[in-house]
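A structural walkthrough
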Amino acid sequence: MHLQEIVDLTGGPEDGDGALVADGSSSQPRGGRGSADAHGAESRREKSKGKHRHLQMIKNFFHERGMAMSHRTDDSGRFTTGQLAAGATVLTKSGQTVSAAGGAAESLVVLCNPDTLMFNATLADRGWGCGYRNCQMLISSLMRNAAPSRGAASRMPVEAVPLVRQLQEMLELAWRDGYDREGADQLDHRAMGTHKWIGTTEVYCILAHLGVRSHIVDFHCPTAADGSHVSMFSWIVEYFTSAATPTTTGQPGGVRFAGKHPLYLQHQGHSRTVVGVELSDDAICLLIFDPDVDARPSAANGSVRLSRFRLPLARTRRIKQFQILYVEDDCFSPLPIPKQIASQRIP
């Protein structure tokens, strides 16, 4: 329903010759017959002003209501990487999963910090809030007691995963501190109360405001003949399975925790969180938390559909560029965090 239709249904300031305008004065013409035209013109102007105020009040009402809905559900992350691991254990049937060729193949699932929370978009922020939701997922990993960095939970300056409006405020504060001046200029130095999209550089600034050092990798073009991003997949697999990874905790069914934080994955128009990889002899899939996909366990039987978390290599063919933001174990280093953002370019 359009705002004008709401005004018509709710009885806007033009209902009746003597209706009250927003400031409480009557729009009924005053004075004698000789001044009727002048007073009529003045009345119409007052009605127009009152109508404008009325429309603005409605806009403000629905905006505030929508923002309030968003803020009430910002901290509603309930599904964790640990629950995904339990689901993967059941569905892979002790190491068996469906291969790219359609048959059964041995697989290994390697996941990030098991306490990483999944945050879904709400009606209030769907279409613009994915960057903030993925930022919340990354922060949830940094805050949990099982975070890879020793003492990370106690060193975070916040006690709970920030709400969307709080992340917007942190972004503005980071800009005021001089982080990413070019990006701040592009967004007019304003994020609070807006529906502006954010990406890797804005998440970098938010984390910097929290004292967390992060890094950005730019996969600027496909690296396979079919247009897929093989180099990016190789980089992600190395991130989760490298020899530098802390000792993993084995799980039945070929599922392990790598002791890493999740990855913020950005491409044109959307972002997601990479929480792990699924490896088999003939296929590699990224395992992702997508704010726009409700992949939580079924309320009926608690089952998890692992297929809803998979991002196969073939689905990167239509995307020209990707960016990844990652956080290392020494992210709370006392060294100053660079205010001018630089990225590593691959290839």
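Just above sits the structure.
Let us now look at the packing of aromatic side chains. Applying the stated criterion across every chain, the model contains 7 aromatic pairs. With a centroid separation of 6.2 Å and an interplanar angle of 75 degrees, the aromatic rings of Trp128 and Tyr132 are classed as edge-to-face. The pair Trp128 / Tyr132 is uniform in exposure class, with both members buried. Ring geometry for Tyr239 against Tyr326: centres 6.3 Å apart, planes inclined by 65 degrees, an arrangement best described as edge-to-face. With Tyr239 in helix α9 (residues 230-241) and Tyr326 in strand β10 (residues 322-326), this residue pair connects regions lying 87 residues apart in the sequence. Note on Tyr239: relative accessible area 8%, which makes it buried. Given the relative accessible area of 12%, Tyr326 is considered buried. Here a set of aromatic residues connected by ring pairs shows up, and it is made of Phe219, Trp235, Tyr239, Phe240 and Tyr326. Lying across the ring of Tyr239, Lys260 places its NZ or CZ 4.8 Å from the centre. Just above the ring of Tyr179 sits the side chain of Lys339; from NZ or CZ to the centre is 5.5 Å.

As a further point, take helix α4 (residues 130-143). In this model α4 runs 20 Å from its N-terminal to its C-terminal C-alpha over 14 residues, within 8% of the 20 Å that 1.5 Å per residue would give. In terms of residue burial, α4 counts as a mostly covered element, since 14 of its 14 residues are buried.

This part is about unusual backbone geometry. In the segment running from Ile346 into Pro347, the intervening peptide bond is cis, with an omega of 0 degrees. One can find Pro347 in the segment after β11 (343-346). One non-glycine residue, Asp180, lies in the positive phi region at around 45 degrees. Mapped onto the fold, Asp180 is located in the loop between α6 (164-176) and α7 (181-186). You can call Asp180 buried: its relative accessible area is 10%. Its identity as a non-glycine residue notwithstanding, Asp188 has a phi of 60 degrees, on the positive side. With respect to the helices and strands, Asp188 occurs in the loop between α7 and α8 (200-209).

Quick look at the side chain of Asp290 now. Mapped onto the secondary structure, Asp290 falls in the loop between β8 (284-289) and β9 (310-312). Buried and unpaired, Asp290 has Arg272 as its nearest opposite-charge partner, separated by 4.1 Å. A polar contact of 2.9 Å, which involves the side chain of Asp290, links it to the side chain of His270. Those residues in contact with Asp290, other than ones at most four positions away along the chain, are Met118, Asn120, His270 and Arg272.

Cut-offs applied
Residues numbered from 1 in each chain as written. Predicted model: local features only at pLDDT ≥ 70, side-chain atom pairs only at ≥ 80, totals over all residues. Heavy atoms only, no water. Phe/Tyr/Trp six-rings, centres within 6.5 Å; stacked < 30°, edge-to-face > 60°. Buried < 20%, exposed > 50% of the residue type's maximum accessible area, 1.4 Å probe, protein only. Helix = DSSP H or I, 4+ residues; strand = E, 2+ residues; numbered from the N terminus. Lys NZ or Arg CZ within 6 Å of the ring centre and 35° of its normal. Expected span 1.5 Å × (residues − 1). Lys, Arg positive; Asp, Glu negative; His and termini not counted. Salt bridge = Lys/Arg side-chain N within 4 Å of Asp/Glu carboxyl O. Polar contact = N/O pair within 3.5 Å; in protein donor to acceptor, adjacent residues only side chain to side chain. Contact = heavy atoms within 4.5 Å.

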